[in-house]
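Structure assessment
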Amino acid sequence: ANLLGATYSSLPQPTGTNVYSVQAWVNPGSAAATSGSTDRPLINMEHKFAIISRNGKWQYYTGDGNSWAGGLTDTGIAVRQGQWIHVGLAMTATDVHFYIDGQHVHSRGGRTNSGGLNNKYFGIGSWANDMADSANAAFFDGQVDEVRLWQADRGGWMSTDMHVRPTNPTPAAYWDFNQGSGNV
């Protein structure tokens, strides 16, 4: 689990109904694929958005910056254990779109207004309140690499983005854990 707090000044955050996208490569473990009713956050920005595994399915939350006002959305897509996949979430002014391996697999209309900036934390593999508990059952089980945040709708480029290093345009934030490039 990795947590970037509110002091991380260059972290782009979704605001209002401005477009925003998040992408990551993930290799889920067995607990992520069979998580029961426990939310195992892959990526989350405090009360703005979260991609989680729950009941063995990919699900996501959207919020207004103060609560998960948009609620939980079940994509119905199974979490595949032990296989690297590319996961993406794109928020347009009106809708939320979910992608697996560059393919659009789920949409939801009625996007929640993300609220103001609020300097929210960004978590990879955990909720913020889980960080003090190294044995917490809510940690995401698996490996994560190449996390990208965009202040753009990357839905139309999701399949291209998954195969190339981000250079033009560059993401607003990028973490490449296995090669040590990007922001880490």
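Before going into details, it helps to say that this report is about the structure given with it. These numbers come from a predicted model, not from an experiment.

Some words on the overall build of the protein chain
Per the secondary structure count, the protein chain includes 2 helices and 12 strands. Secondary structure of the protein chain in N-to-C order comes out as β-β-α-β-β-β-β-β-β-β-β-β-α-β. Burial analysis of the protein chain (184 residues in total) assigns 52% to the buried set. A separation of at least 24 residues holds for 60% of the contacts in the protein chain among residues at least 6 apart in sequence. Accessible area for the protein chain stands at about 7,600 Å²; split by element, carbon and sulfur atoms hold 46% of it.

Some words on the sheet that holds strand β2 (residues 20-28)
One open sheet accounts for 6 strands, arranged β9-β8-β7-β2-β11-β12; its pairing is antiparallel. The open sheet is flanked by β9 (103-109) and β12 (173-175), the only strands paired with a single partner. Taking each pair of neighbouring strands and ignoring which way they run, the sheet shows an average axis angle of 15 degrees. As defined by bridge partners, strand β8 (residues 95-100) adjoins β9 across 6 bridges and the pair is classed as antiparallel. In the sheet register, Ile100 faces β9, and the bridge partner there is Gln103.

Regarding the nonpolar core
Ranked by internal contacts, the top residues of the largest apolar core, which has 30 residues, are Leu42, Phe49, Trp58, Val87, Phe122 and Leu149. The residues contacting Leu42, other than those within four sequence positions of it, are Val26, Ile51, Ile52, Trp58, Val87, Gly123, Ile124, Gly125, Phe140 and Val144.

Section: the environment of Arg148
Tracing the chain through its elements places Arg148 in strand β11 (residues 142-150). Along the primary structure Arg148 and Pro171 are separated by 23 residues, whereas in three dimensions their C-alpha atoms are 6.1 Å apart. There is a polar contact of 2.9 Å between the side chain of Arg148 and the backbone oxygen of Val164.

Digging into the packing of aromatic side chains
Taken as a whole and judged by the stated rule, the model has 7 aromatic pairs. Ring centres of Tyr20 and Phe49 lie 5.5 Å apart, and the angle between their planes is 45 degrees; on these two criteria the pair is classed as tilted. With Tyr20 in strand β2 and Phe49 in strand β4 (residues 49-54), this residue pair connects regions lying 29 residues apart in the sequence. By relative accessible area, Phe49 is classed as buried at 0%. Aromatic rings pair up to connect Tyr61, Trp68 and Trp127 into one cluster. Residue placement shows Arg154 over the ring face of Trp150; its charged tip is 4.3 Å from the ring centre.

A word on the pairing of β11
With 7 of its 9 residues buried, β11 lies for the most part within the structure. When β2 meets β11, the two strands line up antiparallel, connected through 7 bridges. Within β11, the residue paired with Val22 across the bridge is Leu149.

Some words on the pairing of strand β5 (residues 57-62)
Of all 6 residues making up β5, 5 are buried, and the element is well covered by its neighbours. The pairing of β4 with β5 spans 6 bridges and is classified as antiparallel. Among the inter-strand pairings, Ala50 is bridged to a residue of β5, identified as Tyr61. Two elements, β5 and strand β6 (residues 71-78), share 5 bridges in a ladder whose sense is antiparallel. Bridging from a neighbouring strand, Gln59 pairs with Asp74 of β6.

The rules we used
Residues numbered from 1 in each chain as written. Predicted model: local features only at pLDDT ≥ 70, side-chain atom pairs only at ≥ 80, totals over all residues. Heavy atoms only, no water. Helix = DSSP H or I, 4+ residues; strand = E, 2+ residues; numbered from the N terminus. Buried < 20%, exposed > 50% of the residue type's maximum accessible area, 1.4 Å probe, protein only. Contact = heavy atoms within 4.5 Å. Areas by Shrake-Rupley, 256 points an atom, 1.4 Å probe, with all protein chains shown as cover. Pairing = 2+ DSSP bridges. Axes fitted to C-alpha atoms, helices over the stretch in contact; angles between N-to-C directions. Core = buried A, V, L, I, M, F, W, Y, C linked by side-chain atoms within 4.5 Å. Polar contact = N/O pair within 3.5 Å; in protein donor to acceptor, adjacent residues only side chain to side chain. Phe/Tyr/Trp six-rings, centres within 6.5 Å; stacked < 30°, edge-to-face > 60°. Lys NZ or Arg CZ within 6 Å of the ring centre and 35° of its normal.

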